[in-house]
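The residues making up each chain are set out below.
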Amino acid sequence: MSTEYDLRTPPPRSATDPRPDPVLALMARVTPFLLRQSARRKRREPVPVDRSLRLVVTEVRHEAEDVVSLRFAAADGGPLPGWHPGAHLDLDLPSGRRRQYSLCGDPTDLTTYRIAVRRIEKGDGGSREIHEQLSAGAELRAHGPRNAFAYAPGGACLFIAGGIGITPILPMVQAAAAMGADWRLVYTGRSRATLPFLDEIDAIETAGGAPARVTVRTDDADGVPTPDLLLAGAGPGTSVYFCGPPPLIAALRDAFPATGATGLHFERFSAAPVVDGTPFEIRLGPDGPVLPVPADRSALSVLAEQRPETGYSCRQGFCGTCRLPVLTGEVAHAGSVAARRSDTNMLICVSRSATSGGRITLDV
Ligand code: FES
């Protein structure tokens, strides 16, 4: 036989002592409080951390053919938030475009940030805007730094950079060299004239006094490299870090398993191609125009063409910058949970209509 007690009415100490049991009496008092706290914690939405900064351009430098670097300081003259190799900043450009650039300066220097930008003539206009409109003294808002391409020191490293993809790789190489790690860098591009920071890379290699760790391969002198050539020497125990154009990422991912290397870490500097997409439509507001989204394009690229101020950053579904409210239509969500997908909004860089030919009305 068992006796059940309501916790709100603690049982007596014993058959002969009618006073409430002290331990159970204490539990009766604190349990409702703990349950309320727990329910509140569950209900509480994560609060986004505002990491916006006012920056001022302190220097613009020509680094290579069509490549400039920009240095920024805090507009209030204070120290900047720290960062680690692989981190990037989101910059709000004067036009309202938001674009993402890897930090390529010295992480121990909290007085300046440095980025480098290659001018893409047929791009979406962000790089042209930077090249044409930003000069020393310009102020702009930035967000971050954030890191989706972190370098984890330890073990041998093979760094591979394709052209402007050197920007996140350079601080990693500097960190690896400073720690005396076993590292190599393969730096590839069309020609030496197009490759920024060759002098800084030479200086790192020379300072180490070690056998040649850097291989510069250019298409004009060496031909277009194969993935096997780029991955040569990456065996068990080696981590590979790569930043470059999407076709090269795809080729390296295919070739990587045969190397037996420990891990392939990569970052794209442009959107991944749309694979296996189907066409659909987006309507801009309940009474707005309807735009067709072809099978091989994203809703973001179509919308940004109409509205260049459309916000985006990673174009890979992890940052959440492009998220827009959805009024009607069924969405096939893509992207990471970290970008907080929900039925009432859509990451327009990677999500599409759930049905081929379907229409999604966005609240824009
Ligand atoms: S641009 Fe980053 S999630 Fe779409």
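Residues numbered from 1 in each chain as written. Predicted model: local features only at pLDDT ≥ 70, side-chain atom pairs only at ≥ 80, totals over all residues. Heavy atoms only, no water.

Visitor: So what about the sheet that holds strand β16 (residues 345–347)? Which residues, and what values?
Guide: Taken in spatial order, the 5 strands line up as β13-β12-β18-β14-β16 in an open sheet, and their pairing is mixed. Looking at which strands have only one partner, the edges of the open sheet turn out to be β13 (290–293) and β16. On average, each strand axis in the sheet is inclined to that of its neighbour by 40°, with strand direction left out of account. Inspection of the sheet shows strand β12 (residues 280–284) paired to β13 by 4 bridges, in the antiparallel sense. Paired with glutamate 281 across the bridge in β13 is proline 292. Contacting β12, β13, β14 (323–328) and β16, helix α8 (residues 299–306) runs over the sheet at an angle of about 135° to β13. (Pairing = 2+ DSSP bridges. Helix = DSSP H or I, 4+ residues; strand = E, 2+ residues; numbered from the N terminus. Axes fitted to C-alpha atoms, helices over the stretch in contact; angles between N-to-C directions. Contact = heavy atoms within 4.5 Å.)

Visitor: If you had to explain the side chain of arginine 99 to someone new, which residues and values would you point to?
Guide: By the element assignment, arginine 99 lies in strand β4 (residues 98–102). Judged by relative accessible area, which is 6%, arginine 99 ranks as buried. The contact partners of arginine 99, leaving out residues within four places of it in the chain, are Leu89, Asp90, Leu91, Leu93, Asp124, Gly126, Thr310 and Tyr312. (Buried < 20%, exposed > 50% of the residue type's maximum accessible area, 1.4 Å probe, protein only.)

Visitor: Can you break down the nonpolar core residue by residue, with the values?
Guide: By size, the foremost hydrophobic cluster in this structure holds 28 residues, and its most contacted members are Phe159, Ile166, Ile169, Trp183, Leu185, Tyr187 and Tyr241. Contributing elements (two or more residues each) for this core: β7 (156–162), α3 (166–178), β8 (183–189), α4 (198–208) and β10 (238–244). Sorting elements by how many residues they give to this core places α3 first, with 6 residues. Summarising the domain contributions, this core has at least three residues from each of domain 1 (52–147) and domain 2 (156–268). Among all residues touching tyrosine 241, those that are not within four sequence positions of it are Phe149, Ala150, Tyr151, Ala152, Cys157, Leu158, Phe159, Ile160, Ile169, Met172 and His265. Judged by nonpolar contacts, the second largest core, of 23 residues, contains Leu70, Leu93, Ile130 and Leu140. (Core = buried A, V, L, I, M, F, W, Y, C linked by side-chain atoms within 4.5 Å. Domains from an automatic or database assignment.)

Visitor: So what's going on with α3? Residues and values would help.
Guide: Its 13 residues place the ends of α3 18 Å apart at the C-alpha level, agreeing with the 18 Å of an ideal helix rising 1.5 Å per residue. Just beyond α3, the residue with positive phi is glycine 180, at close to 70°. (Expected span 1.5 Å × (residues − 1).)

Visitor: Tell me about the packing of aromatic side chains, and name the residues and values.
Guide: Following the criterion strictly, the structure yields 4 aromatic pairs and no others. Summarising the aromatic geometry, the rings of tyrosine 151 and phenylalanine 159 are spaced 5.7 Å apart at their centres and angled 65° between planes, so their arrangement reads as edge-to-face. This pair shows no difference in class: tyrosine 151 is buried, exactly as phenylalanine 159 is. Among the aromatic residues, those joined into a cluster by ring pairs are Phe149, Tyr151, Phe159 and Tyr241. (Phe/Tyr/Trp six-rings, centres within 6.5 Å; stacked < 30°, edge-to-face > 60°.)

Visitor: Could you give me a rundown of the pairing of β12, with the residues and numbers involved?
Guide: Burial of β12 is one-sided: the residues Phe280, Ile282 and Leu284 facing one way are buried, the residues Glu281 and Arg283 facing the other way are not. As paired strands, β12 and strand β18 (residues 359–362) are joined by 4 bridges and run parallel to one another. Bridge pairing links arginine 283 to threonine 361 in β18.

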